[in-house]
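Structural overview
What follows is each chain in one-letter form.
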Amino acid sequence: MSSVQALATTGRFITLEGVDGAGKTTHLAWLVEYLKSRHVPLCVTREPGGTPLGEALRELLLHEAMSIETEALLMFASRQQHLQSCIIPALNAGQWVVCDRFTDASYAYQGGGRGLPVEKLAMLEHWVHSDIQPDLTLLFDVPAEVSFERVRGARSPDRFEQLDLAFFQRVRQAYLDRAVADPLRFRIINANRAIDEIQLELAEVIMSYIQGEAHAS
Ligand code: TYD
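What you are looking at is a predicted structure, and each value in this text was computed from that prediction instead of being measured.

**Concerning the pairing of strand β3 (residues 96–100)**
- With five of its five residues buried, β3 lies for the most part within the structure.
- Side chains Trp96, Val98 and Asp100 of β3 all project onto a buried face; the interleaved residues Val97 and Cys99 project onto the opposite face, where all are buried too.
- Note: strand β1 (residues 12–17) against β3, five bridges, orientation parallel. Within β3, the residue paired with Leu16 across the bridge is Asp100.
- Judged from the five bridges that link them, strand β2 (residues 42–46) and β3 form a sheet pairing that is parallel.

**Overview of the nonpolar core**
- Membership of the largest hydrophobic core comes to 45 residues, with the highest contact counts inside it found for Leu16, Leu35, Trp96, Tyr109, Leu138 and Phe140.
- Ignoring sequence-local partners within four residues, the contact set of Phe140 consists of Leu16, Glu17, Gly18, Val19, Ala22, Lys24, His27, Ile189, Ala191, Ile198 and Leu202.
- In this structure, Phe76, Leu83, Leu116 and Ile132 belong to the second largest nonpolar core, which totals 18 residues.

**Some remarks on unusual backbone geometry**
- A cis geometry characterises the amide bond from Glu47 onward to Pro48, with omega recorded as -15 degrees.
- As for its placement among the helices and strands, Pro48 is situated in the loop between β2 and α3 (52–63).
- Its identity is not glycine, yet Arg101 carries a phi of approximately 80 degrees, on the positive side.
- Inspection of the secondary structure assignment puts Arg101 in the loop between β3 and α5 (103–113).
- For Arg101, a relative accessible area of 12% translates into the label buried.

**Notes on the packing of aromatic side chains**
- The full count for this structure, using the stated rule, is seven aromatic pairs.
- Arranged with centres 5.8 Å apart and planes meeting at 90 degrees, the rings of Tyr109 and Phe160 form a pair that is edge-to-face. You can see Tyr109 sitting in helix α5 and its partner Phe160 sitting in the loop between α7 (144–152) and α8 (165–181), a full 51 residues away along the chain.
- Every member of this aromatic cluster is reached through a ring pair, and the members are Tyr109, Phe160, Phe167 and Tyr175.
- It is Arg79 that lies over the ring of Phe76; its NZ or CZ is 4.6 Å from the centre.
- In this arrangement the basic side chain of Arg159 is found over the ring face of Phe160, its NZ or CZ atom lying 5.5 Å from the centre.

**A short note on the environment of Tyr107**
- Tracing the backbone through its elements, the reader meets Tyr107 in helix α5.
- In the structure, Tyr107 is positioned ten residues away from Pro117 in sequence and 9.2 Å away in space, judged by C-alpha atoms.
- The residues touching Tyr107, leaving out its near neighbours within four places in the chain, are Gly112, Val118, Leu121, Ala122, Glu125, Ala174 and Arg178.

**Examining α8**
- Over its 17 residues, α8 runs 24 Å from end to end, which matches the ideal 24 Å to within 8%, given 1.5 Å per residue.
- Buried residues of α8: Phe167, Phe168, Val171, Ala174, Tyr175, Leu176 and Ala179, and no others.

**Focus on the pattern of salt bridges**
- Going through the model one piece at a time under the given rule, you end up with 14 salt bridges.
- Between Glu33 and Lys36 there is a salt bridge whose closest N-O contact spans 3.8 Å. Here Glu33 pairs with Lys36, and both are found in helix α2 (residues 24–37), just three residues apart, close to one helical turn.
- Residue classification places Lys36 among the partly exposed residues on the basis of a relative accessible area of 46%.
- For the salt bridge of Arg159 with Glu71, the shortest nitrogen-to-oxygen distance reads 2.8 Å. In this pair, Arg159 is assigned in the loop between α7 and α8 and Glu71 in helix α4 (residues 68–92), connecting sequence segments 88 residues apart. By the burial criterion, Arg159 is buried, and Glu71 matches it.

Reading guide: rules and limits
- Residues numbered from 1 in each chain as written.
- Predicted model: local features only at pLDDT ≥ 70, side-chain atom pairs only at ≥ 80, totals over all residues.
- Heavy atoms only, no water.
- Buried < 20%, exposed > 50% of the residue type's maximum accessible area, 1.4 Å probe, protein only.
- Helix = DSSP H or I, 4+ residues; strand = E, 2+ residues; numbered from the N terminus.
- Pairing = 2+ DSSP bridges.
- Core = buried A, V, L, I, M, F, W, Y, C linked by side-chain atoms within 4.5 Å.
- Contact = heavy atoms within 4.5 Å.
- Phe/Tyr/Trp six-rings, centres within 6.5 Å; stacked < 30°, edge-to-face > 60°.
- Lys NZ or Arg CZ within 6 Å of the ring centre and 35° of its normal.
- Expected span 1.5 Å × (residues − 1).
- Salt bridge = Lys/Arg side-chain N within 4 Å of Asp/Glu carboxyl O.

Take a look at the structure:
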């Protein structure tokens, strides 16, 4: 039995992060196919969203004007529902949960981008999920100028995609600071390269994660 098959019986929580325009959606699709081809039982989900209530909150979060505090509270409300009704049951059932954004996005966007004090976010994090963290977080990193230019051309940009270059720079920096502070959980992927180079690195990262886990268990 390969190490991937051996691990497939134990749930893992993998999150993907990065500033808008970093190419996360493309890499997520590739990663999902890669894991499926290795018969890893998967639950693929996203934040904000992932449940009927969460998807309704996502619509509001992406399109309705609101205060910074309301924005943070709704992100965590969506997250609480998502954890209780989707993420935790899937992990308990032995699935690998691949989640497009999680709490690091709140620190990067509401904290770094919007300027909400980190202490407030830490309180919400402690309330909503003091006992669970992602096992692995892939941070797709590109210079803010690159991601900003990519989303500027979007046909119907959402509230976050309409923000200025300085916002993108603060979000990117907040992500990098979190990655540096937690090197065991984070892998920073340079996403400012050809797609096949990035996918090669992703495959290596996933294989070495799996092998490291297999040795640790
Ligand atoms: P995303 O799904 O990456 O957007 P898209 O479908 O355009 O690829 O994320 C939606 C937006 O939500 C993104 O701009 C970041 C923002 N966001 C936060 O501000 N805080 C959070 O906690 C999360 C999860 C997302």
